2 protein chains.
Amino acid sequence: MTTTELPATFLPTPLGGTLVNRVRLADPAEYAHLPALELSDRSFADLELLATGAYSPLSGFLGETDYLSVIEHLRLSDGTPWSLPITLPVTEAEAARLRGRIRLTRGGVTVGLLDTGEQYAARKSFEAREVYRTEDPAHPGVAALYAQGDVNLAGEVTLLEVPRGEFPRHHRTPAEVRAVIEARGWQSTVAFQTRNPIHRAHEYLHKVALELVDGLLLHPLVGTTNDDVPADTRMQAYEVLLEHYYPAQRTLLSTYPAAMRYAGPREAILHALSRRNYGATHFIVGRDHAGVGHYYGTYDAQEIFQNFTAGELGIRILKFEHTFYCQSCHQMVSPRTCPHDASHHLILSGTKVREKLRAGEALPPEFTRPEVADVLRRAYARQDG
Amino acid sequence: MTTTELPATFLPTPLGGTLVNRVRLADPAEYAHLPALELSDRSFADLELLATGAYSPLSGFLGETDYLSVIEHLRLSDGTPWSLPITLPVTEAEAARLRGRIRLTRGGVTVGLLDTGEQYAARKSFEAREVYRTEDPAHPGVAALYAQGDVNLAGEVTLLEVPRGEFPRHHRTPAEVRAVIEARGWQSTVAFQTRNPIHRAHEYLHKVALELVDGLLLHPLVGTTNDDVPADTRMQAYEVLLEHYYPAQRTLLSTYPAAMRYAGPREAILHALSRRNYGATHFIVGRDHAGVGHYYGTYDAQEIFQNFTAGELGIRILKFEHTFYCQSCHQMVSPRTCPHDASHHLILSGTKVREKLRAGEALPPEFTRPEVADVLRRAYARQDG
């Protein structure tokens with residue numbers, strides 16, 4: 001009998017084969033004299049994601065060839081899948097003084113270095129149309145794009161020290177998340193991207209996945225968003241949810257430092273590829289992933305993955321339908337599993353949920369776990385108080 | 001942009017590449033004069049499964065080389081995965097008069113033909129130890145093995161007509177199930193083997209699978225079993241369950257004519273491979289699949305699949321844990337998804353369930369859907385009345 005022994009744990013290879021690591025402490029004497037660029041929140045997040053390997057194989061901000069290739073072909077110029085241009089936009093005035101090695105600063109403090117390569121003009125209109133599928137300035141991603149400088153600085157980054165952010169207890173680099181997965185012996189890990197509180201509908205997706213996958217990486221995005229529940233409230237809500245309803249040994253709550261771009265389908269790809277770099281083997285894509293307003297079709301962010309083979313992606317996409325509680329099934333369901341019509345379903349709009357929370361009303365336990373609803377209600381009371 | 005278009009539907013190739021079809025009407029003049037063998041229930045079921053392709057690549061009862069290879073290596077002599085010897089046992093006296101082409105009969109009526117090849121001695125003790133992992137005659141599969149004749153007749157079968165069994169409305173050959181899958185455009189189909197009524201615990205597995213897989217082939221085994229709920233009661237229970245709780249367009253109830261062998265892990269493999277032949281892409285294996293008593297470890301039937309590569313199997317195994325309702329999660333869970341201990345869980349033993357049904361008591365709706373419980377209660381009342 002031939003026996004195929006499974007390894008004790010399984011970690012996918014990072015995209016491109018190696019986990020990029022561009023974190024290196026440096027002597028101030030080495031950089032104090034260099035020209036400085038103050039980073040925006042988003043560019044600082046990108047610096048961290050690049051340097052810690054979350055964006056492997058990228059080790060720096062894109063040059064023009066890759067920039068155009070990503071926009072046009074959803075791939076780097078060498079063919080590797082990549083969906084969003086990771087660029088460092090500066091004004092023309094800044095560009096003029098930023099040549100060779102420069103310092104990257106936050107509040108004037110040097111946090112990293114950049115070996116600038118080429119400088120090239122951002123194709124904002126082209127980028128908006130292809131990446132965001134709209135030039136409407138009401139789209140927050142498009143608005144941010146148009147507000148940026150007109151020149152992109154390419155080049156390899158160095159991060160002096162990993163920033164541990166607002167939630168240091170939950171902050172882990174890709175290598176650190178991989179170490180946890182290895183320590184727990186998970187054969188498979190499903191990552192869940194979120195920028196919102198987790199209601200029963202999302203919990204249901206996690207639980208469905210956990211019946212078949214060993215571990216859940218609950219990976220809330222904590223960079224800049226335009227959403228209305230602040231990250232600290234969300235983190236508190238995740239903590240109480242996990243404490244009461246998730247098996248501790250199968251769950252890892254860890255922050256994902258990226259900023260939201262609201263690029264819908266394009267951003268879903270980036271979210272999936274970077275989670276592969278964090279060690280996930282599966283990634284959940286629900287309806288309207290990373291969407292905003294009505295710019296994207298409900299399933300666009302699921303269908304866009306058809307542009308790649310399973311081998312290219314290196315992470316399996318678990319595509320889910322809209323989910324909700326059914327009063328006749330007496331359980332969480334989706335149109336895939338429930339035969340009853342909408343009159344049987346408990347569905348609350350985001351607006352309705354916010355109204356109830358502001359009015360200090362309870363959310364139905366079939367919609368939100370009471371412990372989570374309490375956290376949200378207290379947060380809304382504070383906001384209004 | 002390269003787009004990988006998905007086909008409109010997806011059907012796995014049968015094991016061995018081609019769906020065996022050995023169904024052929026024949027003129028009585030062709031066979032009336034041949035020596036006859038009256039088939040047992042199990043051999044008649046095997047004849048149908050062989051002739052309709054459910055056991056592809058087998059087109060007849062195993063010869064000695066394959067028989068020994070299957071017992072020893074879990075493979076046919078050409079290397080194809082196969083786990084249970086499909087044999088036609090006869091007594092020595094019968095063997096002596098059964099040479100060349102013979103008739104296979106049920107109640108004296110010819111139902112098929114067999115071109116007998118070799119005759120060889122069954123290695124009952126070897127078969128019991130390797131296949132059933134026990135020689136205990138209290139094991140129903142072992143008991144059946146020891147009660148059989150001592151000689152196996154090899155040879156290719158012909159089935160004169162597909163028997164439609166007790167439930168003709170739900171009877172479908174592998175080709176017919178494949179045609180339904182194709183008509184419904186399912187990209188993926190999960191098959192569920194059952195020989196028992198379906199409680200919420202099993203429904204939960206189906207629903208978890210259906211969130212990710214397009215269609216469910218509910219495939220109850222209706223051949224000989226030693227279990228206590230008769231097939232007609234089970235079929236009625238399946239019908240009401242599907243009617244009230246499953247989306248009609250994603251579910252197909254179809255009978256699986258095989259007899260139970262209670263060979264645990266070995267039988268799980270046969271169940272999976274034959275469901276591939278029926279067109280399934282996924283197969284559910286829970287705890288103690290096809291087990292009886294305490295002959296097999298809880299997870300043996302899941303672990304045995306490690307003997308094969310994914311490509312060899314050609315069907316994905318969905319391995320599930322024990323599932324139950326949790327009073328604190330307020331939903332169906334498993335130890336994979338629930339953090340609470342056993343005191344929070346609603347678990348009823350089979351004995352307890354039978355007691356309640358015999359006493360005319362209601363089963364908790366978290367354990368069994370009320371419509372299913374009604375069918376079972378009425379059946380138990382009939383049995384006792």
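Since this is a predicted model, take the numbers as computed values, not measurements.

What is the right way to read the sheet that holds strand S10 (residues 282-285) of chain A from this model?
In sheet architecture, strand pairing relies on hydrogen bonds along the backbone and comes in two forms, parallel and antiparallel. Residue and element names in this part refer to chain A. Taken together, five strands build an open sheet; the order of strands is S9-S8-S7-S10-S11 and the sheet is parallel. With one partner strand each, in any of the chains shown, strand S9 (251-253) and strand S11 (316-319) form the two edges of the open sheet. Averaged over all neighbouring strand pairs, the angle between strand axes comes to 25°, with direction disregarded.

It is not clear to me how the packing of helix H5 (residues 124-132) of chain B against helix H6 (residues 140-147) of chain B should be interpreted in this structure. Could you clarify?
Geometrically, a packed helix pair is captured by the angle between its two axes and the distance between the axes. Residue and element names in this part refer to chain B. At a closest axis distance of 10 Å, the pairing of H5 and H6 adopts a crossing angle of 160°. By the angle between their axes, H5 is roughly antiparallel relative to H6. For the crossing formed where H5 meets H6, the hand is right-handed. Residue-level contacts link Lys-124, Ser-125, Glu-127, Ala-128 and Tyr-132 of H5 to Gly-141, Val-142, Leu-145 and Tyr-146 of H6.

Can you walk me through the relation of the copies chain B and chain A in this structure?
The operation relating the pair of chain copies consists of a rotation about an axis and a translation along that axis. For the pair chain B and chain A, the best superposition has an RMSD of 0.0 Å and corresponds to a rotation of 180° with a translation of 0.0 Å parallel to the axis. Given the turn and translation reported, the copies of this chain are related as if by a two-fold rotation axis. The position closest to the rotation axis in chain B is occupied by the C-alpha of Val-208 of chain B, lying 2.7 Å away. In this assembly, 100% of the residues forming the interface of chain B have copies in chain A that are likewise at the interface, indicating an isologous arrangement.

Explain unusual backbone geometry to me, please; I cannot follow it from the model alone.
Phi is mostly negative for residues that are not glycine, and the peptide bonds are mostly trans. All names here are of chain A. Put simply, Ser-56 and Pro-57 share a cis peptide bond, and its omega is 10°. Here Pro-57 shows up in the loop between helix H2 (41-51) and strand S2 (60-61). Of note in the backbone geometry, Leu-74 takes a positive phi value of approximately 60° without being a glycine. Within the secondary structure, Leu-74 sits in the loop between helix H3 (64-73) and strand S3 (89-90). Overall, the relative accessible area of 1% leaves Leu-74 in the buried class. For Arg-133, which is not a glycine, the phi torsion comes out positive at approximately 60°. Turning to its location among the elements, Arg-133 is positioned in the loop between helix H5 (124-132) and helix H6 (140-147). Exposure remark for Arg-133: the relative accessible area of 41% places this residue in the partly exposed category.

Got a minute to help me understand the interface of chain B and chain A in this structure?
One frequent convention defines the size of an interface as the accessible area lost when the parts assemble. In this complex, chain B contributes 41 residues to the contact, which on the side of chain A involves 42 residues. With both chains or domains summed, chain B and chain A bury close to 3,600 Å², and 44% of this area falls on carbon and sulfur atoms. There are two salt bridges connecting chain B and chain A. Arg-336 of chain B serves as the salt-bridge partner of Asp-214 of chain A, at 3.0 Å between the closest nitrogen and oxygen. Linking chain B to chain A there are 23 residue pairs in polar contact (both at pLDDT 80 or more). Of all the secondary structure elements, the ones that give two or more residues to the side of chain B that touches chain A are helix H8 (200-210), helix H9 (231-245), strand S11 (316-319) and strand S13 (331-333) of chain B. Here the side of chain B that touches chain A is built from residues that sort into 18 nonpolar, 12 polar and 11 charged.

Would you explain H6 of chain B in this entry?
Owing to its 3.6 residues per turn, the α-helix brings residues three or four apart onto one side. Those residues of H6 of chain B lying buried are Pro-140, Gly-141, Val-142 and Leu-145 of chain B. Contacts from the buried residues of H6 of chain B go to H5 of chain B.

Mind showing me how you'd approach empty space enclosed by the protein here?
Remark: the empty space left among the atoms is shown by a probe the size of a water molecule rolled over them. Evaluation of the coordinates by the stated rule reveals two cavities of 30 Å³ or more. Within this model, the largest cavity holds a volume of roughly 140 Å³. The wall of the largest cavity is formed by 13 residues, among which Tyr-204, Gln-331 and Met-332 of chain A together with Tyr-204 and Met-332 of chain B lie closest to the centre. Listed by contribution, the elements that provide at least two residues to the lining of the largest cavity are helix H8 (200-212) and strand S13 (331-333) of chain A together with H8 and S13 of chain B. By residue number, the principal contributor to the lining of the largest cavity is H8 of chain A, which donates four residues. Considered class by class, the residues forming the lining of the largest cavity number six nonpolar, four polar and three charged.

How should the side chain of Ser-274 of chain B be read in this particular structure?
By secondary structure assignment, the location of Ser-274 of chain B is in helix H10 (residues 265-277). Non-local contacts of Ser-274 of chain B, meaning those with residues more than four positions away in its chain, are made with Ala-54, Tyr-55 and Tyr-256 of chain B.

Just checking my understanding: could you explain the domain arrangement of chain A for this structure?
Residues and elements named next belong to chain A. Parsing chain A into structural domains produces domain 1 (28-159) and domain 2 (174-384). Computed from C-alpha atoms alone, the centre-to-centre distance between domain 1 and domain 2 is 28 Å. Across the contact, 30 residues belong to domain 1 and 28 residues belong to domain 2. Of the roughly 2,500 Å² buried between domain 1 and domain 2, counting both surfaces, carbon and sulfur atoms make up 59%. Looking only at domain 1, the three residues that lose the most surface to domain 2 are Leu-74, Leu-84 and Arg-133, adding up to 22% of its buried area. Where domain 1 meets domain 2, there are three salt bridges. Here Glu-312 ties to Arg-75 by a salt bridge, and the two come within 2.8 Å at their closest N and O atoms. For the pair domain 1 and domain 2, the interface holds 16 residue pairs in polar contact (both at pLDDT 80 or more). Those elements giving two or more residues to the side of domain 1 that touches domain 2 turn out to be H2, H3, H5 and H6. Ranked by residues supplied to the side of domain 1 that touches domain 2, first place goes to H2 with six residues. Of the residues belonging to the side of domain 1 that touches domain 2, the class tally is 15 nonpolar, seven polar and eight charged.

How each quantity is defined
- Residues numbered from 1 in each chain as written.
- Chains lettered and ligands numbered in written order.
- Predicted model: local features only at pLDDT ≥ 70, side-chain atom pairs only at ≥ 80, totals over all residues.
- Heavy atoms only, no water.
- Pairing = 2+ DSSP bridges.
- Helix = DSSP H or I, 4+ residues; strand = E, 2+ residues; numbered from the N terminus.
- Axes fitted to C-alpha atoms, helices over the stretch in contact; angles between N-to-C directions.
- Parallel < 35°, antiparallel > 145°, perpendicular 65-115°, else oblique.
- Left-handed = near helix turned anticlockwise from the far one by under 90°.
- Contact = heavy atoms within 4.5 Å.
- Least-squares fit on C-alpha atoms with pLDDT ≥ 70 in both.
- Buried < 20%, exposed > 50% of the residue type's maximum accessible area, 1.4 Å probe, protein only.
- Buried area = accessible area lost by both parts, 1.4 Å probe.
- Salt bridge = Lys/Arg side-chain N within 4 Å of Asp/Glu carboxyl O.
- Polar contact = N/O pair within 3.5 Å; in protein donor to acceptor, adjacent residues only side chain to side chain.
- Nonpolar A, V, L, I, M, F, W, Y, C, P; charged D, E, K, R; others polar.
- 1 Å grid on protein atoms, 1.4 Å probe; cavity = no way out; pocket = protein on both sides within 12 Å on 5 of 7 lines; lining within 4 Å.
- Points joined across faces, edges and corners; volume = space filled by probe spheres on them.
- Domains from an automatic or database assignment.

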